[in-house]
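Tertiary structure, described
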Number of protein chains: 2
Amino acid sequence: MERTRVADIVPGTKVKISGFVENFRNKRTMAFIVVRDITGKIQVTVVKEEHPGMLADIDRITLDSVITVEGTAVANDYVKLGGIEIIPETLKIESVADALPIKEDSAIDSRLDYRWIDLRTEKNTLIFRLQTEMTAALRDWLLERNFLEFHSPKIIGAASESGSEVFRLDYFDGNAYLAQSPQFYKQMAMAAGFERVFECAPVFRAEKSYTRKHATEFTGFDLEFSYIDSFRDVMKLEEEMLTYMIGRVAEKFGDDIVRLYGEEYRVTVPEKPFPVMTVAEIYEEEEKRYGYTVPESEKGDLTTDAEHLTYRLAKELFGSEFMFVTDFASDKRPFYHMRDERGVPQGFDLIWRGTEITSGSQREHRYDVLCRNAAEKGLAEDVKFYTEFFRYGCPPHGGFGLGIDRLTMLFLGISIKEAEFIFRGPDRLTP
Amino acid sequence: MERTRVADIVPGTKVKISGFVENFRNKRTMAFIVVRDITGKIQVTVVKEEHPGMLADIDRITLDSVITVEGTAVANDYVKLGGIEIIPETLKIESVADALPIKEDSAIDSRLDYRWIDLRTEKNTLIFRLQTEMTAALRDWLLERNFLEFHSPKIIGAASESGSEVFRLDYFDGNAYLAQSPQFYKQMAMAAGFERVFECAPVFRAEKSYTRKHATEFTGFDLEFSYIDSFRDVMKLEEEMLTYMIGRVAEKFGDDIVRLYGEEYRVTVPEKPFPVMTVAEIYEEEEKRYGYTVPESEKGDLTTDAEHLTYRLAKELFGSEFMFVTDFASDKRPFYHMRDERGVPQGFDLIWRGTEITSGSQREHRYDVLCRNAAEKGLAEDVKFYTEFFRYGCPPHGGFGLGIDRLTMLFLGISIKEAEFIFRGPDRLTP
């Protein structure tokens, strides 16, 4: 007999259900077993004298044991869980659980130690149902627009860009490094004439940071596309893609998010275009409105405090949760971002709910200009393998990256430790 | 003006096209420039006396330079490429290419050195268009069936399963390792009650192998699902998923594959169910039919030669390119594969076109049995973090893994060096 998921049970039919034991009352004449699967919960009601053969197994049941029950689904108004109960014919114990070592409100580190138990709640399962839908929506939108999916290498020969934050590994008799981003390879795909690519894959950062948004490994969602006229084409694509994605999440999980995470995290499908301000404009407004003054030395970039304040600013000025930020100082942006004739980097950050979710730009595709920019930052030798990509013809192009875990965090107001299936930090390598 | 892709050009309209210079003839009164984008090729015809301002730029053009042309698409029966040419109004050089360092028939190692140039041909681009469609089809099929996508950690604390083939890395003041497979984590997701999960992500193998199918890094496609009755449920799911995927590839790229890779690689949508034979039955038939004798010591597993011969065998016996193989010897399979009461591993390999593409099984989910099996292999301590997943309730489950690059290889009859966007081997860490 095929298994029926709890949400699909129809009263009056024979069913086979399987799941974890959520609740268990073993009385003298009756046993009540609440079974939980990924779709819901249902009560199994056992009248003991009718099932003498089941009693030995019933006595073995513990919380979170896994059982399979075949029987009849019966409408019963006295049953709280959806007014349906299962009258069993057979009961099989698939797995007996030891007493659970954590509770829902245990400290986060204990919960991470026993992550597989921590994830069993509806609330925590929703994190990954949402993440699945979010990623599927991003991909669907891109595939519809002729993007190719590609897989760039994570083991790289040289510590590119900024060597200090890169993990080193033994590679046979030599060394290798873990890629911090697919940046150079997605640009290589542009030089290969792929025109539009995306990748969803792990990225690695050897940063000893202990904030609620830093991890040493996370899932990046990167894209790059050719034949743009300006970085504003990149912003336009991003806002269209995100709006589509948020619409899908809202449709599928909007109600669940409010029910389980609170009204504060209600999903709002944004209006387009997203607001755009320069760094200087943001500082001016934040000073005027909130009395925030930025130290002179930080003016070329957004401080973390200023970033957080943009949530309020974007709401007040534009009724938006999003804010594109442009016109960063040249020395705050990587050498491969294109500069205009005034030297202004042709890129942007996108801030959602007060946290940066993207850096994007038009890239410098002109070999001579790129080499000059790299040399100015003292990187000419380090990035030679990369500048070579531009020597044999390369279209103008741009792109950006998103963090899947960071987006998940912001959807639900949780920390990165909860948004990752398995969190990795400087002190956390298990399970 | 919006760019038009070559395949979308309609004669009689104004267009803007961009692409690489595929061919270039610069005559005294005329210039003919063939422009290539990812969808096709088109000729730009320049009557020089009509465009005096264009001449300096035309003289800068080299093969594989990138240009943008605005003009009118005109039907012209004398033009070979689709009977259309572009009469330009403006011409812009986006990027001038140096003389190319490789040709289409250069040695594979030179081609890999300049992979971004190597990938510019229609034939090589097809590899990644196919891979994109294949992966999208697998995902669509699974998402439709309530699978969740998850991302397991690639940095792990202990060298699990078989330490010898694992890359070690510096992790702050200690050591860590790169995951060889998401096996343990996808099973952890089962213990978490996720019921059905898949992951598409890099896997790492520190093997010093130099065959046409080995790489130190490749893209794995793994899945796992709960509440199965037997490993045959896993085989059934796999054959249904693959049949769907192959159907989509056939529909989208069937003709292109034959045109560019030859009749031998025509995509055949398989019939279900796929044939199934035991290891012993295969050896018996291969001896009878092809005179192949297996050394006594190898009888519990399929030798590489026997594996190759199954292509012929599956064709002759069943008219199929596929063959499921079951009943491997217990000592040839990992400790986490479930055994039946006779000790036979409840798993299978799937062979396509004579190459193994999958190992799958029902997993041992019973904590006590699993611990005993691990102890028998002397692994009890090494895998303790993993056996813990089964102590607090776990559904019966099974799954398998596929290699995206290996499937790509087999579709097109190419080597893994060509099937990966960037190949990684013991001697290859660039570009």
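Structural data are supplied above this passage.
Now for a look at the structure at hand.

Moving on, we get to the environment of A:Lys252. Residue and element names in this part refer to chain A. Tracing the backbone shows lysine 252 in helix H6 (residues 231–261). Residue lysine 252 is classed as exposed on the basis of its relative accessible area of 51%. A polar contact of 3.4 Å, which involves the side chain of lysine 252, links it to the side chain of glutamate 133.

Our focus in this paragraph is the relation of the copies chain B and chain A. Rotating chain B by 180° about the axis while translating it 0.0 Å along that axis superimposes it on chain A, leaving an RMSD of 0.0 Å. What the rotation and shift describe, once combined, is the action of a two-fold rotation axis. Ranked by how close their C-alpha atoms come to the rotation axis, the residues of chain B are headed by B:Leu169, at 2.0 Å. Here 100% of the contact residues of chain B are again contact residues in chain A; the copies associate through an equivalent surface.

Turning next to the sheet that holds strand E13 (residues 322–326) of chain B. Residue and element names in this part refer to chain B. Here we have 8 strands laid out as an open sheet, ordered E6-E10-E11-E16-E15-E14-E13-E12, and mixed in their pairing. What marks the edges here is a single partner per strand, and that holds for strand E6 (148–149) and strand E12 (276–278). Against the sheet, helix H5 (residues 183–191) touches strand E10 (196–204), strand E11 (217–226) and strand E16 (397–403), its axis set at about 25° to E11.

Turning our attention to the pattern of salt bridges. Residue and element names in this part refer to chain A. Summed over the entire model, instances satisfying the criterion amount to 86 salt bridges over all chains. Linking aspartate 64 and arginine 36 is a salt bridge whose minimum nitrogen-to-oxygen distance equals 3.8 Å. On the criterion of sequence distance, the pair formed by aspartate 64 in the loop between helix H1 (55–60) and strand E4 (66–75) and arginine 36 in strand E2 (residues 30–37) is long-range, its members being 28 residues apart. For the pair aspartate 64 and arginine 36, one class covers both residues: buried. Here lysine 252 and glutamate 133 are joined by a salt bridge, their closest N and O atoms 3.4 Å apart.

This part is about the interface of chain B and chain A. Across the boundary between the two partners, chain B contributes 95 residues, which contact 95 residues of chain A. Where chain B touches chain A, the interface holds 10 salt bridges. Linking A:Arg3 and B:Glu195 is a salt bridge whose minimum nitrogen-to-oxygen distance equals 2.9 Å. Broken down by element, the side of chain B that touches chain A gets its largest block of residues, 10 residues, from helix H4 (residues 122–144) of chain B. When its residues are assigned to classes, the side of chain B that touches chain A shows 50 nonpolar, 18 polar and 27 charged.

The next point concerns a negative patch on the surface. All names here are of chain B. Together, Glu281, Glu284, Glu287 and Asp327 line one region of the surface with negative charge. Structurally, aspartate 327 can be placed in the loop between E13 and strand E14 (347–352). For aspartate 327, a relative accessible area of 30% puts it in the partly exposed group.

It is worth spelling out the sheet that holds strand E11 (residues 217–226) of chain A at this point. Reading across the sheet, the 8 strands line up as E6-E10-E11-E16-E15-E14-E13-E12 (chain A) and stay open at both edges, with mixed pairing between neighbours. Both outer strands of the open sheet, strand E6 (148–149) and strand E12 (276–278) of chain A, are each paired with one neighbouring strand and no more.

Take the packing of helix H4 (residues 122–144) of chain A against H4(B) next. Taken N-terminus to C-terminus, the directions of H4(A) and H4(B) make an angle of 140°; their axes are 12 Å apart at the nearest point. By the angle between their axes, H4(A) is oblique relative to H4(B). Considering only the axes of H4(A) and H4(B), their crossing is left-handed. Contacts between H4(A) and H4(B) involve A:Thr132, A:Ala136, A:Arg139, A:Asp140 and A:Leu143 on the former and, on the latter, B:Thr132, B:Ala136, B:Arg139, B:Asp140 and B:Leu143.

Procedures and definitions
Residues numbered from 1 in each chain as written. Chains lettered and ligands numbered in written order. Predicted model: local features only at pLDDT ≥ 70, side-chain atom pairs only at ≥ 80, totals over all residues. Heavy atoms only, no water. Helix = DSSP H or I, 4+ residues; strand = E, 2+ residues; numbered from the N terminus. Buried < 20%, exposed > 50% of the residue type's maximum accessible area, 1.4 Å probe, protein only. Polar contact = N/O pair within 3.5 Å; in protein donor to acceptor, adjacent residues only side chain to side chain. Least-squares fit on C-alpha atoms with pLDDT ≥ 70 in both. Contact = heavy atoms within 4.5 Å. Pairing = 2+ DSSP bridges. Axes fitted to C-alpha atoms, helices over the stretch in contact; angles between N-to-C directions. Salt bridge = Lys/Arg side-chain N within 4 Å of Asp/Glu carboxyl O. Nonpolar A, V, L, I, M, F, W, Y, C, P; charged D, E, K, R; others polar. Patch = residues over 30% accessible without salt bridge, like charges linked within 9 Å, V, L, I, M, F, W, Y side chains within 5 Å. Areas by Shrake-Rupley, 256 points an atom, 1.4 Å probe, with all protein chains shown as cover. Lys, Arg positive; Asp, Glu negative; His and termini not counted. Charge placed at Lys NZ, Arg CZ, Asp CG, Glu CD. Parallel < 35°, antiparallel > 145°, perpendicular 65-115°, else oblique. Left-handed = near helix turned anticlockwise from the far one by under 90°.

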